[in-house]
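What the coordinates show
One letter stands for each residue in the lines below.
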Amino acid sequence: MEFGRVKNFIDGEWMESEAKETWQIRNPALDIVIGEVPMSTDAEVDAAVRSAKAAFPEWRRTPPVSRARYLHRLIQLLEARFEDMSVVQTKEHGKTIDESRGETRRGIENCEVAAGIPSLMMGDSLQDIASGIDEYVIREPLGVFACIPPFNFPFMVPLWFLPYAIAAGNTFVIKPSPNDPLSQVKLHELLEETGIPEGVVNIVHGGAKVAERLMKHEDLKGVTFVGSTPIARVVYRTCGETGKRVIAQGGAKNFLVVMPDADLDFTVASMMTSFYGNAGQRCLSGANAVVVGKDNGFYKRFVEAFVEAARKIKVGNGLEEGIQMGPLQSKGKKERVLGYIEKGVAEGARLALDGRKICLQGNLPQTCFLNPSVFVDVGQEMAIATEEIFGPVACLMRAEDMDQAIDMIHASPFGNAASIYTANGGWAREFEYKVQTGNIGINIGIVAPMAFFPFSGMKDSFFGITHGQGKDAVRFFTENKVVIRRWY
Amino acid sequence: MMECTTAASVITHVSKIELDSAKLYEQWGKLHEKLRDSFEAFAKANRKNEQRVKRAYYSVVSDALETGFCFKEIRADIVIPEVSKGASVSEVLNRAVALEKEIREFYGKAANSSRALLADVSRQMEKVSQERTKRVEQLQSMAASNPDS
């Protein structure tokens, strides 16, 4: 095993878990075991939280500018090991090296933004709210926060939160996804190298049981979660019941609307990333492409171009630089997608490109691989059009006009992202104004907000108030304390 | 050599052609005193170009951009020739012109095909392509000045 059995990081020490139960960490492209992750015990979860709680008072007293300097050091270390960090993600997840580098870059970008905490955390003040009386607001850290990230962006998603939490003076416990925890271990090795005080950041490995214990822990002030909608609901409810702050991001079913004036070459190329990047395993992936208008010729040209482009996608080991799509992260995830393809066929959609016929670049086991699939003439009520597939499957649909396309978007319970492809500013503005999703793309297939903007979401895609990244994250990890002052 | 569509594969090819051709210019410069100053300057510029394009890519690569699909009909098949010790100055210059034209064409095509989807990298490639045009002119002018005399 290339990476061995991963350890917990508690109170500044790498500790072997006493857990008997373990999961295999597999490289899905090669279908080999590359590591092992323990399902940590309750005592280990408690120890991680205790360590974070004990570190909080001193960390809170550390000036924000000094706290930020640990992030500056981390940024330097991440830049120096940029490629190593990216390669680990490809090995544990399967995504292409371009995609892993993108993840690394976005993670670093979040550290850069959070390193501006002395400015971001500043309060407000007003002199003379009545004669001789001043009022001001201070932003204070709260204590211990936990992060429960998903498998699909194992390095980046925790960095939507961790840098802001610790820069603001909180302490942190993360339970990485047991499918791919290696990049978080590597990240915490670098955090340790920065000299950050013991207990400020902690890792405790495990599955649902560890997550549940964290959510219910009385010493935690808040939890961030990114995953499926059913679990996001549970996290939101559990944290509500136990009085914690929560950011819970759920699933998605994103619509990409193609107006009749869209440039087909550009649109199709952009859509390939949206539908098939990360093997479709991201909450910003395109799921349904809706072609607007009654022009059958345009629809036919779009379908042909889309299917042809999808057919040409090179599938294989993401470490090969020419590869455009890697495997699904596990065999189980592939089987789930296969189930949806079968369901789509049974529902009567036409499978114009069947990704079950596997064609790989190189001699690789097919265990976790699928090629891109395209369903055309998909009905709005079909399961493949309404449920989150989380795999490389595109559904092509039609709408008579933009309003009908928007109605289709609004019929979905999800509200993560939607995009429009058009050259018409009026249509684009109308779309942006009317559509109720957290992230809107105009000629953009993957509406991934930069680190200084919030990663938004609405409806069943998001439970909470403030979001990850940027000023929203700072707001989440701080409490406003208002002071009204008079001297006499 | 198959068609390159991913940014990663194109950037690797850029590194290879710029660094290998930098070495080639240095070797040619050592063999021919007349070419030394110009060719050392070319080698230095090539290394800068490699850094410039790579930096553009590593600065903007993100989960939002279409890095897996941003190049079209690009073949990463430029082979940097070996130094042949018996070649005259004019032969070296003619080979350099041919190589530079090939590299210029590669950058031009790559910049053009990635303009919409990876604009920062495209812009740097466009600049390198323009510099290559000037270099071709310089080499042609050197070749026309009876360099073997």
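All values derive from a computational prediction rather than experimental measurement.

Before going further, it helps to examine a nonpolar patch on the surface. All names here are of chain A. Where nonpolar side chains cluster on the molecular surface, the patch consists of L126, I129, V482 and I484 and spans about 370 Å² of accessible area. If you list the elements that add at least two residues to the nonpolar patch, you get β5 (124–130) and β22 (478–486). When you line up the elements, I484 lands in strand β22. Judged by its relative accessible area of 55%, I484 falls in the exposed class.

This part covers helix α4 (residues 97–114) of chain A. Taking 1.5 Å per residue as the helical rise, α4(A) with its 18 residues ought to reach 26 Å, and the 26 Å between its terminal C-alpha atoms agrees with that figure. Summarising burial for α4(A): 17 of the 18 residues are buried, a large majority.

Our focus in this paragraph is the sheet that holds β22(A). All names here are of chain A. A sheet is described by the order of its strands in space; here three strands give the open sequence β5-β6-β22, paired in antiparallel fashion. Looking at which strands have only one partner, the edges of the open sheet turn out to be β5 and β22. Taken pair by pair, the neighbouring strands of this sheet meet at an average axis angle of 25 degrees, ignoring direction. The pairing of β5 with strand β6 (residues 133–141) spans four bridges and is classified as antiparallel.

This part takes up the interface of chain A and chain B. In this complex, chain A contributes 27 residues to the contact, which on the side of chain B involves 23 residues. Together, the buried faces of chain A and chain B total about 2,000 Å²; carbon and sulfur atoms form 54% of this surface. The largest per-residue losses of area from chain A upon contact with chain B belong to D98(A), E321(A) and Q324(A), which jointly make up 26% of the total buried on that side. At the junction of chain A and chain B, the tally comes to one salt bridge. Linking chain A with chain B are 15 residue pairs in polar contact (both at pLDDT 80 or more). Class assignment for the residues of the side of chain A that touches chain B results in eleven nonpolar, seven polar and nine charged.

Each value, and the rule that gives it
Residues numbered from 1 in each chain as written. Chains lettered and ligands numbered in written order. Predicted model: local features only at pLDDT ≥ 70, side-chain atom pairs only at ≥ 80, totals over all residues. Heavy atoms only, no water. Patch = residues over 30% accessible without salt bridge, like charges linked within 9 Å, V, L, I, M, F, W, Y side chains within 5 Å. Areas by Shrake-Rupley, 256 points an atom, 1.4 Å probe, with all protein chains shown as cover. Salt bridge = Lys/Arg side-chain N within 4 Å of Asp/Glu carboxyl O. Helix = DSSP H or I, 4+ residues; strand = E, 2+ residues; numbered from the N terminus. Buried < 20%, exposed > 50% of the residue type's maximum accessible area, 1.4 Å probe, protein only. Expected span 1.5 Å × (residues − 1). Pairing = 2+ DSSP bridges. Axes fitted to C-alpha atoms, helices over the stretch in contact; angles between N-to-C directions. Contact = heavy atoms within 4.5 Å. Buried area = accessible area lost by both parts, 1.4 Å probe. Polar contact = N/O pair within 3.5 Å; in protein donor to acceptor, adjacent residues only side chain to side chain. Nonpolar A, V, L, I, M, F, W, Y, C, P; charged D, E, K, R; others polar.

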